[in-house]
Amino acid sequence: MGSKKFIAIIVSIPLVLVFSYVSLCSYGFNGLANYVIEGFMVASAFAAFILWVHAVIPYGFRSVFGKMFVGIMLFLGLAASGLLLLYIYSLFPLLEYSMVFYIIGGVLFTISFLPLCASLLTFLCEQRVLLKKPIETANVYSSVIFVGGLALFWIYFIISTTRIILESLNVQAITVLAYTSYVVFDIIVLTLVIPLITASFKHGILQGAVRELLLAIVIYAIANILYNYVAVLNVEIWLIDVLPIIMTSVAYVFIAKPSLTLAKLGKISTI
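What counts and how
Positions within a chain are numbered from 1, following the residues in the order the chain's sequence is written. Predicted model: local features are reported for residues with pLDDT of at least 70 only, side-chain atom pairs are reported and counted for 80 or more only, and whole-chain, interface and lining totals are derived from all residues. Side-chain numbers here rest on the full set of heavy atoms in the structure, without hydrogens or water. The secondary structure listing takes helices from DSSP runs of H or I that are at least 4 residues long and strands from runs of E that are at least 2 residues long, numbered from the N terminus. The contact rule is simple, with two residues in contact once any of their heavy atoms fall within 4.5 Å. Using a 1.4 Å probe, the Shrake-Rupley method yields the accessible areas, and only the shown protein chains count as cover for residues. Criterion for a salt bridge: a side-chain nitrogen of Lys or Arg within 4 Å of a carboxyl oxygen of Asp or Glu. With axes taken as lines fitted to C-alpha atoms, and helix axes fitted only over the stretch in contact, angles between N-to-C directions fall between 0 and 180 degrees. In these notes the angle categories are as follows: under 35 degrees is roughly parallel, over 145 is roughly antiparallel, 65 to 115 is roughly perpendicular, and the rest is oblique. Just so you know the grouping, Ala, Val, Leu, Ile, Met, Phe, Trp, Tyr, Cys and Pro go in nonpolar, Asp, Glu, Lys and Arg go in charged, and all remaining residues, Gly too, go in polar. Residues belong to one nonpolar core when they are buried, are Ala, Val, Leu, Ile, Met, Phe, Trp, Tyr or Cys, and are joined through side-chain atoms within 4.5 Å. The buried label goes to any residue with under 20% of its type's maximum accessible area, the exposed label to any with over 50%, and the partly exposed label to all in between, with areas taken from a 1.4 Å probe on protein chains only. Here a Phe, Tyr or Trp ring, Trp counted by its six-membered ring, pairs with any other such ring whose centre lies within 6.5 Å, and the pair is stacked when the planes are under 30 degrees apart, edge-to-face when over 60, and tilted otherwise. Patches in this entry comprise residues that are over 30% relatively accessible and not in a salt bridge; like charges within 9 Å are linked, as are nonpolar side chains (Val, Leu, Ile, Met, Phe, Trp, Tyr) within 5 Å. Working rule for helices: expected span equals 1.5 Å times residues minus one. Left-handed describes a crossing whose near helix is turned anticlockwise from the far helix through less than a right angle; right-handed describes the clockwise counterpart.

Caption draft 1: Molecular detail of the overall build of the chain. Each helix and strand in the chain was counted, giving 10 helices and zero strands. Going residue by residue from the N terminus, the α and β elements of the chain occur as α-α-α-α-α-α-α-α-α-α. When contacts within the chain are restricted to residue pairs at least 6 apart in sequence, long-range pairs at least 24 apart make up 77% of them. Of the accessible surface of the chain, which amounts to about 14,000 Å², a share of 73% is contributed by carbon and sulfur atoms.

Caption draft 2: Region of the structure containing the pattern of salt bridges. In the structure shown here, the tally under the stated rule is one salt bridge. The partner of Lys 257 in a salt bridge is Glu 212, and the shortest N-O contact between them spans 3.2 Å. Taken together, the residues Lys 257 in helix α10 (residues 238-268) and Glu 212 in helix α9 (residues 205-233) connect sequence positions 45 residues apart.

Caption draft 3: Examining the environment of Arg 211 more closely. Along the chain, the position of Arg 211 falls in helix α9. Distance from Arg 211 to Ile 197, taken between C-alpha atoms, is 6.0 Å for residues 14 residues apart in sequence.

Caption draft 4: A look at the packing of helix α4 (residues 98-111) against helix α5 (residues 113-125). Between α4 and α5, the least distance of the axes is 4 Å, while the angle of their chain directions is 5°. Comparing the axis directions of α4 and α5 gives the class roughly parallel. Note on element contacts: α5 touches α4 through Phe 113, Leu 114 and Pro 115, opposite Phe 109, Thr 110 and Ile 111. Taken together, the residues of the contact of α4 with α5 sort by class into five nonpolar, one polar and no charged.

Caption draft 5: Structural detail: the nonpolar core. Counting 70 residues, the largest nonpolar core has Trp 52, Ile 72 and Tyr 252 as the members making the most contacts within it. With sequence-adjacent residues up to four places away left out, Trp 52 is seen in contact with Phe 69, Ile 72, Met 73, Leu 76, Leu 213, Ile 255, Ala 256, Pro 258, Ser 259 and Leu 262.

Caption draft 6: Representation of the environment of Glu 126. Structurally, Glu 126 is set in the loop between α5 and α6 (127-130). Expressed as a C-alpha distance, the spacing of Glu 126 and Val 64, which sit 62 residues apart in the sequence, is 7.5 Å.

Caption draft 7: Structural context of the packing of aromatic side chains. Applying the stated criterion to the full structure yields eight aromatic pairs. Centre to centre, the rings of Phe 75 and Tyr 220 are 5.2 Å apart; their planes meet at 80°, and the pair counts as edge-to-face. You can see Phe 75 sitting in helix α3 (residues 64-91) and its partner Tyr 220 sitting in helix α9, a full 145 residues away along the chain. Of the residues examined, Phe 75 reaches a relative accessible area of 1% and is grouped as buried. Given the relative accessible area of 1%, Tyr 220 is considered buried. Here the aromatic rings of Phe 113 and Phe 185 are separated by 5.2 Å at their centres, their planes lie at 15°, and the arrangement is stacked. One end of the pair, Phe 113, is in helix α5; the other, Phe 185, is in helix α8 (residues 173-197), and 72 residues separate them in sequence. Residues Phe 113 and Phe 185 agree in their burial class; the two are buried. Through pairs of rings, three or more aromatic residues link up here, namely Phe 75, Phe 109, Phe 113, Tyr 182, Phe 185, Tyr 220 and Tyr 252.

Caption draft 8: Seen up close, a nonpolar patch on the surface. Together, Tyr 97, Met 99, Val 100, Tyr 102, Ile 103, Ile 104, Val 107, Ile 111 and Leu 114 give the surface a local cluster of nonpolar side chains, amounting to about 830 Å² of exposed area. Tallying contributions element by element places α4 first for the nonpolar patch, with seven residues. Relative to the elements of secondary structure, Ile 111 occurs in helix α4. On the basis of relative accessible area, Ile 111 is assigned to the partly exposed category, the value being 36%.

Caption draft 9: Highlighting α5. With 13 residues, α5 should cover 18 Å at 1.5 Å per step; its first-to-last C-alpha distance of 18 Å lies within 8% of that length. Among all positions of α5, only Phe 113, Pro 115, Leu 116, Cys 117, Ser 119, Leu 120, Thr 122 and Phe 123 are buried.

Caption draft 10: Structural context of the packing of α3 against α5. Two elements in contact, α3 and α5, have axes separated by 7 Å at closest approach and are oriented at 160°. In terms of orientation, α3 and α5 fall into the roughly antiparallel class. In the crossing of α3 with α5, the sense of the turn from one axis to the other is left-handed. Where α3 approaches α5, its residues Val 64, Phe 65, Lys 67, Met 68, Gly 71, Ile 72, Leu 74, Phe 75 and Leu 78 are matched on the opposing element by Pro 115, Leu 116, Ser 119, Thr 122 and Phe 123.

Put into structure tokens, the structure is as follows:
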């Protein structure tokens, strides 16, 4: 897929989603509007997973890149499955066993961070093989300071607003803890991925594909953090409410794109 076509798709996705959401809400179909954009997010996650399965097959577990790419594939598969179960729960919340979908979906979505972190750790541990020069210590410190600031802000936010949230919005404490666990994983992901974005890879055309993937993961983590802020605050402003969902959908599309390049390279040679 050419870069211009891909850029056009990326630009059109949020515009189409916002237009669809506003149109449905203007006719009073607020619930349906939420189902549409959430359904697109689930579909984009599964599409990215399928493309990564196709890309990973030539690499397998035989190489450093293969190990990293398998982790991305598992991350997408678990995240997509978890999102699907959560989506089913939102469609049929009154079913007798609907809570099972919610619990299993949340567990799968949380577990999906583990192979993602493992993949990023593989890159960091194998940087002598993959990079032209080791990552500078200053970049690592900058990453820790940046995401550490996010962590401190989240802790302050939770401590200062938990009492108000629990009293006025009737949000259970376990729910707040669940949102916090997601944010912790996102912060770990950002800590690992930010130094890699500025790194220079040895393997030519792979450098562009891997960098696209890393940037997509950053967008994904930021969108997920924003989603948890919105969820804890129970925001009802439509733009703020749908923004993290749209960002997540776009992130899955970004994650899917480098798989096309990697699939072609994998058929030529295994690195």
